[in-house]
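Each chain is listed here by its residues.
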Amino acid sequence: MIKNLVKDVASSAARGLIKTLPLPISLPVFLERAKGPRGPHELKNRTVFMTRLQRPFDREIAAEYVGQGAQVIVLDPKANHELLDGLNKPEASGGRIHRAPSDRDSLDSYLRSLKELLPKKDGDGPRSKIVFIHTLDLDQAKTQDSVLEILEDYYKTGHAAANILVPGSRLLFLVPPSSHNQDAPQRMALAALGGFFRTLSKEFGKKGITVHVVESWPSVHPGHCARIATYLSGPRSSFLTALWVKANRNPDLTPLNNAGLLHGKTAIITGAARGIGASIAEAFAAEGAAIGINDLPNSEKAAAKTLQSLRKKGVRTAFLPFNVATKKGAQDMAQAIRDEFGSVDIIVNNAGITRDRTIKRMSPENWNLAVNVNLGAQLHVTEALDSLIRDGGSVINLSSVMGIAGNFGQTNYSAAKAAVIGLTEVLAERWSSRDINVNALAPGFIETRMTSAMPLINREMAKQLTALLQPGLPKDVADLATFLASPLGASITGQALRVDGGMAIGK
Ligand code: NAI
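Residues numbered from 1 in each chain as written. Predicted model: local features only at pLDDT ≥ 70, side-chain atom pairs only at ≥ 80, totals over all residues. Heavy atoms only, no water.

Trainee: Can you help me understand the overall build of the chain in this one?
Mentor: Looking only at helices and strands, the chain features 16 helices and 14 strands. Taking 507 residues into account, the globule formula puts the C-alpha radius of gyration at 23 Å, and the chain, at 23 Å, falls close to it. Projected onto its principal axes, the C-alpha coordinates of the chain cover approximately 65 × 55 × 50 Å. Buried positions account for 54% of the 507 residues belonging to the chain. Across the chain, contacts joining residues at least 24 apart in sequence account for 79% of those joining residues at least 6 apart. Split by element, the accessible area of the chain, about 22400 Å² in all, is 55% carbon and sulfur. With 60 positive and 47 negative side-chain charges, the chain shows a spacing of 7 Å between the two charge centroids. (Helix = DSSP H or I, 4+ residues; strand = E, 2+ residues; numbered from the N terminus. Rg over C-alpha atoms; globule rule 2.2 N^0.38 Å. Buried < 20%, exposed > 50% of the residue type's maximum accessible area, 1.4 Å probe, protein only. Contact = heavy atoms within 4.5 Å. Areas by Shrake-Rupley, 256 points an atom, 1.4 Å probe, with all protein chains shown as cover. Lys, Arg positive; Asp, Glu negative; His and termini not counted. Charge placed at Lys NZ, Arg CZ, Asp CG, Glu CD.)

Now the structure itself:
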C-alpha cells in the first residue's frame, strides 16, 4: 500500500516534470471505462454518424445502435427510406434515428454540415462521444481506376473524422459481406484500408480516439457484425485500437440473457490467483459464470483475495491448485473439474511467466521454463479438457504482442506466445464442428505486478510507444475476454486480437 502510494507520488511527480520539460512527450487523455456487468443501454451517450444506409445489412447495424440507446444520424443522401421508417418505433432505450443527408462531393460543405450536427454539451452531464461509421461499398470496384476513387473516399472519411471527433470517440470502417469479394480491385482497396486505418489510429490515439475495421464474411448474419461494432463503440473497449475484427463464423444469433452474459456457464481460468487472470475471473463472475481458479499448488494465499471476493458475491467457485505446465498437472486439474463442475463452457489459458535473457545467455532451464508455461500449459490443458468442454463453448488463449513483433531478450517468450497464435488457429478449426470459438488475446503493456517492477523511465517509454500514450489495465483484457466468451463475440474465431492501446511495434 505504502509502496504503491510512493510509486503514485513518484509517477505524478514525473508527470508534472514531463509537462514542464521541452520534450516531445505527450500526456494521455483519460479513458472512460464501464464498471460492473454490461447494461442494456451502454451507448446512451453516443451520437452515431452513419455514411450509408441502403441495405438490410446497414439497417441491422443502425437497429443495434438504437437498441443500445444511441442517437443515430444517417448522413447518406441516398438512404433507403423504407428501411429507415421501420426503425423509429418508440425505443425504451431512448435511442433514435434521424436523417441529415450530407453530400460528400464538396469536402468543405460536408465538414460544415457535420459540425452543425455535433451534439451540444448537455449541462454538467458527460459529453456525448461520436461514433463515425463508414460502410465500404466495394461491389462496384471493377477496374483499377476505381481503387483510386475508393482511396479518395477513405481520405474524405479520415479527414472528416479528424475534424469532428471529440476525445474518446470512435471511427469504424465496416466491410459488409458484399464487399468481401476478393477480386483484384477489392483486394487492393482492402489492403489500402489496412495501412490507412492503422495510421489513423496512431494519429488519433493521443485524443483517446480509436479506430477499427469490422469485416463480415459472406452468409454471416449481419446481427453479428452489429454486435462487434457496438462493442467497439462502447465503454468496455476504450483501450483497444487498430483492431481488424472478422465476423468469420455464423452461429445462431442467441438472445442475450438478462441475468448476465455468461449466466449458467462454467469458466476455468489458469494462473488466476492474481493479475490479468484474477481480473478475468471477476469479470466473468459479474456476468453470472461459475469460476474455477487455477494456479500453482503453493499459491492459495495469493488467490485468497480473489476467491473471497467471489464467494462474498455468492459466486460458485473452486480453487484448482495444479501446475498446468506438466501433463500430469493438467490431467489432475481435469479430474478435479469433473468432480466439482461436471463440465466446462469456457477455458482461459492465462498462466504465463517471463525468463528474459538474450539468446547468447539463455540457459536451457530458462528456455524450457518459459516455453513449458506459456505454450506447454495451453497444449496440456486443452488436451485434458477436450472431453469436458461443452459444444457451443469458448476458448481464450493469452498470447502477447511480443509473440507478434518479437522483443529483445525474449526469444523463449516470443516463440511460445507466437506458437499460441498457431495453436489458436488449429484449435479453432478442430473445434468448429462442435460450435466452439477459439481466439487469442495479445496484450501489450498492462499494469500488473509483472510490469510494475519496470523502472519508471522504461515505463514512461513504453507508454509513449502506444497510440493512446498509456498502459492498459487488467480490466481491459478481461472485458475483451468476456465479450469473446459471450454471445456478443460468438462469430469471431481463430483470431488474435491485440489489447495494446495501439503499440508502435508489429503489424
Ligand atoms: P502474473 O505474473 O501477474 O500472473 C500469472 C499467474 O500465472 C501467476 O499467478 C502465476 O502463479 C501463474 N502461473 C505461473 N506458472 C503457472 C503454472 N505452471 N501453472 C499454473 N499457474 C501458473 O501475470 P499477468 O501479467 O497477469 O499475465 C497473465 C498472462 O498475460 C500471461 O500469460 C502473460 O504472459 C500475458 N501477458 C501479460 C502482459 C502484461 O503486460 N501484464 C503483456 C502480454 C501478455
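Trainee: I keep staring at the domain arrangement of the chain and nothing clicks. Help me out?
Mentor: With domains assigned, the chain is organised as domain 1 (38-247) and domain 2 (266-499). Computed over C-alpha atoms, the centres of domain 1 and domain 2 are 32 Å apart. Every contact between the two is made by 20 residues of domain 1 and, on the other side, 21 residues of domain 2. Summed over both sides, the interface between domain 1 and domain 2 buries roughly 1900 Å², with carbon and sulfur atoms accounting for 67% of that surface. Looking only at domain 1, the three residues that lose the most surface to domain 2 are Arg227, Tyr231 and Phe239, adding up to 35% of its buried area. Between domain 1 and domain 2 we count 0 salt bridges in total. Counting every contact that joins domain 1 to domain 2 gives 6 residue pairs in polar contact (both at pLDDT 80 or more). For the side of domain 1 that touches domain 2, the secondary-structure elements that each account for two or more residues are helix H6 (184-204), helix H7 (222-233) and strand S7 (243-247). (Domains from an automatic or database assignment. Buried area = accessible area lost by both parts, 1.4 Å probe. Salt bridge = Lys/Arg side-chain N within 4 Å of Asp/Glu carboxyl O. Polar contact = N/O pair within 3.5 Å; in protein donor to acceptor, adjacent residues only side chain to side chain.)

Trainee: Honestly, the sheet that holds strand S2 (residues 71-74) in this entry has me stumped. Any pointers?
Mentor: Within a sheet, adjacent strands bond to each other through the backbone by hydrogen bonds, running parallel or antiparallel. Strand order in the open sheet formed by 7 strands is S3-S2-S1-S4-S5-S6-S7, and the pairing between neighbours is parallel. The strands lining the two open edges of the sheet, one partner per strand, are strand S3 (96-99) and S7. Ignoring strand direction, the axes of neighbouring strands in this sheet form an average angle of 20°. In the sheet, strand S1 (residues 46-50) pairs with strand S4 (residues 129-135) via 5 bridges, with the strands oriented parallel. Bridge assignment links Thr47 to a residue of S4, and that residue is Ile130. Seen against the sheet, H6 touches strand S5 (170-175), strand S6 (210-216) and S7 and runs at an angle of roughly 170° to S5. (Pairing = 2+ DSSP bridges. Axes fitted to C-alpha atoms, helices over the stretch in contact; angles between N-to-C directions.)

Trainee: I keep staring at the pairing of S5 and nothing clicks. Help me out?
Mentor: Looking down a regular strand, the side chains alternate between one sheet face and the other. Counting buried positions along S5 yields 6 of 6 residues, so the element is predominantly enclosed. Burial along S5 is two-sided: Arg170, Leu172 and Leu174 facing one way and Leu171, Phe173 and Val175 facing the other are all buried. With 5 bridges connecting them, S4 and S5 associate as parallel partners. Residue pairing for S5: Ile133 is matched across the bridge by Leu172. Note that S5 and S6 share 6 bridges and pair parallel.

Trainee: Just checking my understanding: could you explain the confidence of the model for the chain for this structure?
Mentor: Detailed reading of the predicted model is not advised wherever pLDDT is low. The pLDDT averaged across the chain works out to 93; a share of 94% of its residues lies at or above 70. Mean pLDDT in the chain bottoms out at helix H1 (residues 2-20), which sits at 48, and peaks at strand S11 (residues 344-349), which reaches 99. Segment residues 1-10 is flagged for pLDDT under 50; beyond a separation of four residues in sequence, or across chains, it makes 2 contacts in the model. (pLDDT = per-residue confidence, 0-100.)

Trainee: Hey, could you run me through the site of the ligand in this one?
Mentor: Around the ligand there are 28 residues in total, and Arg274, Asp295, Asn323, Asn350 and Tyr413 lie nearest to it. At a separation of 2.6 Å, an oxygen atom of the ligand approaches a polar side-chain atom of Asp295. Here the residues of the shell around the ligand sort into 14 nonpolar, 11 polar and 3 charged. (Near = heavy atom within 4 Å. Nonpolar A, V, L, I, M, F, W, Y, C, P; charged D, E, K, R; others polar.)

Trainee: Just checking my understanding: could you explain the nonpolar core for this structure?
Mentor: Generally speaking, soluble globular proteins have nonpolar side chains that are buried together. Counting 73 residues, the largest nonpolar core has Tyr65, Phe284 and Ile291 as its most contacted members. Looking at which element gives the most residues to this core, the answer is helix H16 (residues 474-485), with 7 residues. Of the domains in this structure, domain 1 (38-247) and domain 2 (266-499) are the two that each give at least three residues to this core. Once you skip the residues sitting within four places of it in the chain, Tyr65 turns out to touch Leu43, Val48, Ala70, Val72, Val131, Ile133, Leu172, Ala229, Thr230 and Ser233. The next biggest cluster of nonpolar side chains, apart from the first, holds 33 residues, and it includes Leu118, Leu138, Ala161 and Ile164. (Core = buried A, V, L, I, M, F, W, Y, C linked by side-chain atoms within 4.5 Å.)

Trainee: Hey, could you run me through the packing of aromatic side chains in this one?
Mentor: Aromatic ring pairs: the centre-centre distance and the angle between the two ring planes describe each pair. For the structure on display, the rule yields 6 aromatic pairs. Where Tyr154 meets Phe196, the ring centres are 5.8 Å apart and the plane angle is 20°; that geometry is what we call stacked. Placement of Tyr154 in helix H5 (residues 144-164) and of Phe196 in helix H6 is noted, with a sequence separation of 42 residues between them. A relative accessible area of 3% places Tyr154 in the buried class. One aromatic cluster is present, built from ring pairs that chain together Tyr154, Phe173 and Phe196. (Phe/Tyr/Trp six-rings, centres within 6.5 Å; stacked < 30°, edge-to-face > 60°.)

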